[in-house]
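# Fold and contact review
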Amino acid sequence: MTALDSSTVENSEPPARQRRRAIRGSLLSAVLVILACYLLVVALLAFVVSTATAAEFVPSGVLLAAVPGWLAAFQVPLTVTGSPLSALPLLPTLLCVLLVARSSRRVARRHRLRKPAQALPVVLVMGMSHAVFGTVLAVALEELRAPVRVVPWQAFSCCGLLAACAATAGLADRCGLLYQLWQHVPGDAWYAVRKGLLGSAAVIGTGAAVFGVAVCLALPRMHERSVELGGLGDAAGAALLALLYLPNAVLGAWAFVTGGGVSFGGSAVTPLSTAPDALPSELPLLAVFPPEPPANWTAALFAVPVPLGVLLGWSCRNLSERSRDRQHLVLLAVLLVTLSVSIPAVLSGGRLGGEYGPFSLRPLPLAATTFAWLALPALLTSRLAGRRDADVVEPVDVAAVSDTGVSDVDPVAAVVEATDGESGGDAAVEHAGPATDTETAMGPGETPDQGEVESSESDEFREGDPAAESEAVEPEEPGSEAEPVFPPEFPEDSAGEDEPLAEGADDEHSGSVPELSATSSQNSG
């Protein structure tokens, strides 16, 4: 059940009792998540220690070493024997975020939390429990004088903020947070957000593809570095470490093809330049970077982001009929893709410890190059493939017609103008005898048009009806619901009774009025 159907469900439980039950459930779920993350770190360390060549497996030592491992999973900077270690893997962090989000959603479903205000206690409990537990672990490491140290306030802020964000993401749909946001955001912007999420997935997939190709090309160098490490267990530990850094490597591959590059200390590795001496040789994963100056063909890697921009612009070509509004939506989608790449890039950077300088994915150049490589092709494609402003049909303003009930265009006037244009000045010629004006204007062998004949018959009708000549037909008042009748009917009033029509006029008039009505309907149609 989502927030859209939450209004139809009634909850008879008092709010205070429901809040207390939600807090207790959140505390229990937070403890279970903390324990699950800790056991996961213990399992990874146990595998590494058991397969290492010169390491002795001691259960108590593994349990103690898992404490800074749990903090590293929440991106807390560490200090190992005096050397800072802040470039931490992102894969354990993603697993912990998924666990927190799933547990928060389960608490909301179990306790029937469906309103945004009801989500606040769950978010606070999840965030504060992880923050307090991280602070306790940091203080314990300080008291035990362990070789790994952590600053307490950094542990409090990193653990609490990450857990709170994960809980909010898990409750966004269940407790109506997305619905509240949906009410204040235009509908076209939601479509742009969807395209931006799809573009983010395409960027991640492109980075993974580039990294896979680089691994295939660097397999000999990676094998040499794995052999230099020692036995098979050390190589297995290095492979596990490379797996934990897989999201970092995917982001680094995307940063490499966009031109922002990856920096080690004061050196940067880009498709146009490389610094093999600045790379740590102990990590087989870093063998994917070229050990020598890149060839000329590596500049072609700059073309990799261009198809993604074209696809993004093609998918946004129908978001809006106006080209200007459509370009704004395209920029919104590109901005979302840029943020989805830049924020993890900030978390991926830091120091690797030892004598090597800080590792960074250069978030600012990465954001600039990502936005440029995606925005320009996307804007151009949406401009060319989308609807042009000249093709957009303006809506007809029917306010005047609906208010007055009478159209601005008079069909009778249009018929009269068409008749005058066809007859020209010949209708002004007077006729004598039984021949009409139309017959006089036509030459021998010519047939008069239907409009001219009906016009002549109408003139005869008015000449033979004194009451119709003296009486003016009043137009309908504006706003009347009755549609105007063309031609207008001639009422039979007292004037018509006082002066009856001549003999034979009824027959002539009864035949001419329907013909004039049919002709007016055809011309107006």
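Rules used throughout
- Residues numbered from 1 in each chain as written.
- Predicted model: local features only at pLDDT ≥ 70, side-chain atom pairs only at ≥ 80, totals over all residues.
- Heavy atoms only, no water.
- Helix = DSSP H or I, 4+ residues; strand = E, 2+ residues; numbered from the N terminus.
- Expected span 1.5 Å × (residues − 1).
- Buried < 20%, exposed > 50% of the residue type's maximum accessible area, 1.4 Å probe, protein only.
- Contact = heavy atoms within 4.5 Å.
- Pairing = 2+ DSSP bridges.
- Phe/Tyr/Trp six-rings, centres within 6.5 Å; stacked < 30°, edge-to-face > 60°.
- Disulfide = S-S within 2.5 Å.

## Some points on helix α4 (residues 116–144)
- Between the first and last C-alpha of α4 there are 43 Å, a value that for 29 residues agrees with the 42 Å anticipated at 1.5 Å per step.
- At the exit of α4 stands arginine 145, carrying a positive phi of roughly 55°.

## As for unusual backbone geometry
- Despite not being glycine, arginine 145 has its phi angle at roughly 55°, a positive value.
- Mapped onto the fold, arginine 145 is located in the loop between α4 and β3 (148–149).
- Taking the relative accessible area as the measure of exposure, arginine 145 reaches 68% and is therefore exposed.
- Positive phi outside glycine occurs at arginine 362, with the angle close to 55°.
- Looking at the element boundaries, arginine 362 is found in the loop between β7 (358–360) and α13 (363–385).
- Judged by its relative accessible area of 27%, arginine 362 is partly exposed.

## Digging into the environment of leucine 366
- Within the secondary structure, leucine 366 sits in helix α13.
- Judged by its relative accessible area of 0%, leucine 366 falls in the buried class.
- Separated by 25 residues in sequence, leucine 366 and valine 341 place their C-alpha atoms 8.1 Å apart.
- Contact partners of leucine 366, with chain neighbours within four places excluded, come to Trp254, Ala255, Thr258, Val341, Ala345 and Leu361.

## Focus: the sheet that holds β3
- Pairing is antiparallel across the open sheet formed by 3 strands, whose spatial order is β2-β1-β3. On the outer flanks of this sheet lie β2 (83–85) and β3, each paired with one strand and no other.
- Judged from the 2 bridges that link them, strand β1 (residues 78–80) and β3 form a sheet pairing that is antiparallel. Of the residues in β3, the one forming a bridge with threonine 79 is arginine 149.

## A short note on the environment of serine 26
- Mapped onto the secondary structure, serine 26 falls in helix α1 (residues 15–51).
- A relative accessible area of 0% means that serine 26 is categorised as buried.
- Excluding residues within four positions of it along the chain, serine 26 makes contact with Val107, Val122, Val125 and Met126.

## Section: the packing of aromatic side chains
- Scanning the model with the defined rule gives 5 aromatic pairs in all.
- An angle of 45° between the planes, with centres 5.1 Å apart, marks the rings of phenylalanine 264 and phenylalanine 359 as tilted. Of this pair, phenylalanine 264 sits in strand β4 (residues 262–264) while phenylalanine 359 sits in strand β7, and the two are 95 residues apart along the sequence.
- Residue class for phenylalanine 264 comes out buried when judged on its relative accessible area of 5%.
- For phenylalanine 359, a relative accessible area of 13% translates into the label buried.
- With a centroid separation of 6.2 Å and an interplanar angle of 10°, the aromatic rings of phenylalanine 302 and tryptophan 373 are classed as stacked. With phenylalanine 302 in the loop between β5 (267–269) and α11 (305–315) and tryptophan 373 in helix α13, this pair connects stretches of sequence that are 71 residues apart.
- Judged by its relative accessible area of 27%, tryptophan 373 falls in the partly exposed class.
- In textbook terms, an aromatic cluster arises when at least three aromatic residues are bridged by ring pairs, as seen for Trp70, Phe74 and Phe133.

## Describing the state of the cysteines
- Across all of its chains, the model carries 0 disulfides by this definition.
- Of the cysteine sulfurs around cysteine 96, a residue in no disulfide, the closest is that of cysteine 37, at 3.3 Å.
- What makes cysteine 96 buried here is its relative accessible area of 3%.

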